Amino acid sequence: MKLLILWALAIVFLIDSVLRAFRSNFNFGVLLVWMITAALWVYAVFHRQIDAFCAAGAGRVLKILFFCGAGVFCLLLAFVALSGYANRADGDERAVVVLGAGLRGDKVSRVLRYRLDAAYEYHLQNPGAVIVVTGGQGRGETVPEAVAMKRYLVQRGVPEELVIEEDKSTSTEENFLFAAALLAERGIGQQEPIAYSTNAFHCYRAGRYARLVGFTDVSAIPAGISAGSVLTCYLREVFAVLYYWVFKSSRSGFMHRLVGMLAGWR
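(A) The arrangement of the pairing of strand S5 (residues 163-166) in detail. In the sheet, strand S4 (residues 130-134) pairs with S5 via 4 bridges, with the strands oriented parallel. Residue pairing in the sheet places Ile-131 in a bridge with Val-163 of S5.

(B) Quick look at helix H1 (residues 2-23). Spanning 22 residues, H1 covers 31 Å between terminal C-alpha atoms, matching the ideal 32 Å at 1.5 Å per step. Every buried residue of H1 is accounted for by Leu-6, Ala-10, Phe-13, Ser-17 and Arg-20. Buried residues of H1, seen end-on, are gathered within an arc of 95° and therefore sit on one face of the element. Residues Leu-4, Val-12, Phe-22 and Arg-23 are exposed on H1 and point more than 90 degrees away from its buried face.

(C) Fine view of the pattern of salt bridges. Summed over the entire model, instances satisfying the criterion amount to 7 salt bridges. Linking Lys-2 and Asp-51 is a salt bridge whose minimum nitrogen-to-oxygen distance equals 3.6 Å. Of this pair, Lys-2 sits in helix H1 while Asp-51 sits in helix H2 (residues 28-53), and the two are 49 residues apart along the sequence. Accessibility expressed as a relative area gives 54% for Lys-2, which makes it exposed. A salt bridge links Arg-94 to Glu-192; the nearest nitrogen and oxygen atoms lie 2.5 Å apart. One end of the pair, Arg-94, is in the loop between helix H3 (57-83) and strand S1 (95-98); the other, Glu-192, is in the loop between helix H6 (172-185) and strand S6 (194-199), with 98 residues separating them in the sequence. Using a relative accessible area of 36% as the deciding quantity, one classes Arg-94 as partly exposed. Residue Glu-192 is classed as partly exposed on the basis of its relative accessible area of 24%.

(D) Structural detail: the nonpolar core. In terms of nonpolar packing, the biggest core is built from 57 residues, with Leu-116, Val-133, Phe-176 and Phe-215 touching the most fellow members. A per-element tally of this core places helix H4 (residues 110-125) first, with 7 residues.

Conventions and cut-offs
- Residues numbered from 1 in each chain as written.
- Predicted model: local features only at pLDDT ≥ 70, side-chain atom pairs only at ≥ 80, totals over all residues.
- Heavy atoms only, no water.
- Pairing = 2+ DSSP bridges.
- Helix = DSSP H or I, 4+ residues; strand = E, 2+ residues; numbered from the N terminus.
- Expected span 1.5 Å × (residues − 1).
- Buried < 20%, exposed > 50% of the residue type's maximum accessible area, 1.4 Å probe, protein only.
- Arc of directions from axis to C-beta.
- Salt bridge = Lys/Arg side-chain N within 4 Å of Asp/Glu carboxyl O.
- Core = buried A, V, L, I, M, F, W, Y, C linked by side-chain atoms within 4.5 Å.

This is how it looks when you write it as structure tokens:
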């Protein structure tokens, strides 16, 4: 039974990995899925040798460390999943910052569409709030993310004058930092209540970055996510949260030069 489940997982992950190679933009989450797939196939083929090595001595220690690490990782996954629904917006905020994700050419990605749809639903509740769409132009994108995001919202019926484009940022921290300057031009200071729209898995870290750049009264508009994006996004976010806890600012640490290359890390 154990081998049957193992081979079934290995085959499912292999099919998923191949499909992602053709359908998804490369990002850190996709890389993690490929690594898990490789690990499953290595264990499926060499399980007897690996089990024998892990039965005693150093192998047994490594086995214990592996399962402890897996347990901690699962706890972090649960934290990421649950924390996204804390501190939700109440509908009285003066502005909404919609965090960029990614485009396919000049079209919003599915992950980004969920964020924009959540912001639109909030707009129906609080039509006077200014909306700042954020995101520069990344690899494989023909326009800045903010340009495509504004177009999407305006096509849905949001008045064009309510939507401000921030088209230079490359990280969540910069999303908020550059949005703060644009809001200040509209007379909205960092002490006034604002909301941010992003997928639920991203809400915890987004809120921390908002406070890091100076916003003092921020709340979340958690958006959903497609079933096909759950695995890559949540796996990636665990590492992003760990990175935040160690380095705080996305401008510090070893990953800041790779934010643009590993699209979606932000």
